[in-house]
Amino acid sequence: MISYKSQTWIVVALTVFTRFPQSFAAKKNFVTCGSIVKLLNTDYNVRLHSHDVKYGSGSGQQSVTAIELKEDVNSHWIIKAPTDKYCERGEPIKCDEIIRLEHLTTKKNLHSHYFASPLSGDQEVSAYGNNGFGDTGDHWQLLCSNDVWLRDARVRFRHVDTGAYLGLSGRSFGRPIAGQMEVAGLGSLHRDGTRWTTAEGLYIAPKEKEAEYAHTEL
């Protein structure tokens, strides 16, 4: 679990409008365990987002949406190992590996299950758990075409329990989250909205170098 002091440092680092010197992680272009990233959907040009607003139907859990605004702190996600597993901070994430994505602000995990999503009737995607602890519904398999996850690569996320793909339905909400797009589990990876890449974030350097950070928050 991340300590309060560490959380405070992370939030400060992510809100300073300064570009750090290019680090080993940036040169190698890896996405690594412990990094805090924004995920950009390349089909719709919106970022994966969550907030303390619950769905009014389905599971009633914390909603997950996608937004255009680049600067919103509620679009940060921490890359972690599966439940009861461990990955070394700075360790590159391999293609086909199973990961969790923990929402930085609310400490809930990106989650899915067999509830219908509220707008499209696809599979609901929510944020679930307490202080980073949840269940196997938080597990996502990284699908990519290289040996490891590269920051500029287009990737997909397959939900391990249900086989659905993290994506956008193409529909948008009204109040109280007007204009935000519905994130859902889609049944086919060939549908529009299933492709993601990393955007702004705090990237932890691979461990073979001394601790450095590649900070690309704007």
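Residues numbered from 1 in each chain as written. Predicted model: local features only at pLDDT ≥ 70, side-chain atom pairs only at ≥ 80, totals over all residues. Heavy atoms only, no water.

Draft legend 1. Geometry of the overall build of the protein chain. On a plain count of helices and strands, the protein chain comes out with 2 helices and 13 strands. Considering the protein chain as a whole, with its 218 residues, one finds that 52% of them fall into the buried category. Taking the intrachain contacts of the protein chain between residues at least 6 apart in sequence as the baseline, contacts between residues at least 24 apart amount to 66%. In the form shown here, the protein chain has an accessible surface area of approximately 10300 Å², with 50% of it arising from carbon and sulfur atoms. (Helix = DSSP H or I, 4+ residues; strand = E, 2+ residues; numbered from the N terminus. Buried < 20%, exposed > 50% of the residue type's maximum accessible area, 1.4 Å probe, protein only. Contact = heavy atoms within 4.5 Å. Areas by Shrake-Rupley, 256 points an atom, 1.4 Å probe, with all protein chains shown as cover.)

Draft legend 2. Seen up close, the environment of His 190. Inspection of the secondary structure puts His 190 in the loop between β11 (181-186) and β12 (196-204). What makes His 190 exposed here is its relative accessible area of 70%. C-alpha separation for the pair His 190 and Tyr 165, spaced 25 residues apart in sequence, amounts to 9.6 Å.

Draft legend 3. Local environment of the pairing of strand β3 (residues 62-67). Across the 6 residues of β3, 6 count as buried, placing the element largely inside the fold. Residues of β3 alternate between two faces, with Gln 62, Val 64 and Ala 66 on one and Ser 63, Thr 65 and Ile 67 on the opposite face, all of them buried. Taken together, the 2 bridges between β3 and strand β7 (residues 123-128) define a ladder with antiparallel strand orientation. Residue pairing across strands places Ser 63 opposite Ser 126, the latter belonging to β7. (Pairing = 2+ DSSP bridges.)

Draft legend 4. Local environment of the side chain of Gln 123. Locating Gln 123 in the fold gives a position in strand β7. For Gln 123, a relative accessible area of 11% corresponds to the buried category. Separated by 2.9 Å, the side chains of Gln 123 and Ser 112 make a polar contact. Apart from the residues within four sequence positions on either side, Gln 123 is in contact with Ser 112, His 113, Tyr 114, Phe 115, Ser 117, His 159, Thr 162, Ala 164, Ala 184 and Gly 185. (Polar contact = N/O pair within 3.5 Å; in protein donor to acceptor, adjacent residues only side chain to side chain.)

Draft legend 5. The packing of aromatic side chains, seen in detail. Enumeration according to the criterion identifies 1 aromatic pair in this entry. For the ring pair Trp 149 and Phe 157, a centre distance of 5.7 Å and an interplane angle of 70 degrees mean the geometry is edge-to-face. For Trp 149, a relative accessible area of 0% corresponds to the buried category. Accessibility expressed as a relative area gives 1% for Phe 157, which makes it buried. (Phe/Tyr/Trp six-rings, centres within 6.5 Å; stacked < 30°, edge-to-face > 60°.)

Draft legend 6. Representation of the state of the cysteines in the model. Scanning all chains against the criterion turns up 2 disulfides. Paired by a disulfide, Cys 33 and Cys 87 hold their sulfur atoms 1.9 Å apart. Around the S-S axis, the bridge from Cys 33 to Cys 87 shows a dihedral of about 65 degrees and counts as right-handed. Of the two residues, Cys 33 sits in the loop between α2 (24-28) and β1 (36-41) while Cys 87 sits in the loop between β4 (77-80) and β5 (98-103), which places them 54 residues apart along the sequence. (Disulfide = S-S within 2.5 Å.)

Draft legend 7. Just the confidence of the model for the protein chain, in detail. Per-residue confidence for the protein chain averages 87 on the pLDDT scale, and 82% of its residues sit at or above 70. Of the regions scoring below 50 in pLDDT, residues 11-26 engages in 33 contacts with residues more than four places distant in sequence or in other chains. (pLDDT = per-residue confidence, 0-100.)

Draft legend 8. Spotlight on unusual backbone geometry. Backbone torsion omega between Arg 175 and Pro 176 reads 0 degrees, so that peptide bond is classified as cis. Note on placement: Pro 176 falls in the loop between β10 (165-172) and β11. In this structure, Asp 84 is a non-glycine residue whose phi angle is positive, near 65 degrees. On the secondary structure map, Asp 84 appears in the loop between β4 and β5.

Draft legend 9. Fine view of the pattern of salt bridges. Overall, the coordinates contain 6 salt bridges when judged by the stated rule. Notably, a salt bridge pairs Arg 195 with Asp 43, separated by 2.5 Å at the nearest N-O pair. Placement of Arg 195 in the loop between β11 and β12 and of Asp 43 in the loop between β1 and β2 (46-54) is noted, with a sequence separation of 152 residues between them. For Arg 195, a relative accessible area of 27% gives the class partly exposed. (Salt bridge = Lys/Arg side-chain N within 4 Å of Asp/Glu carboxyl O.)

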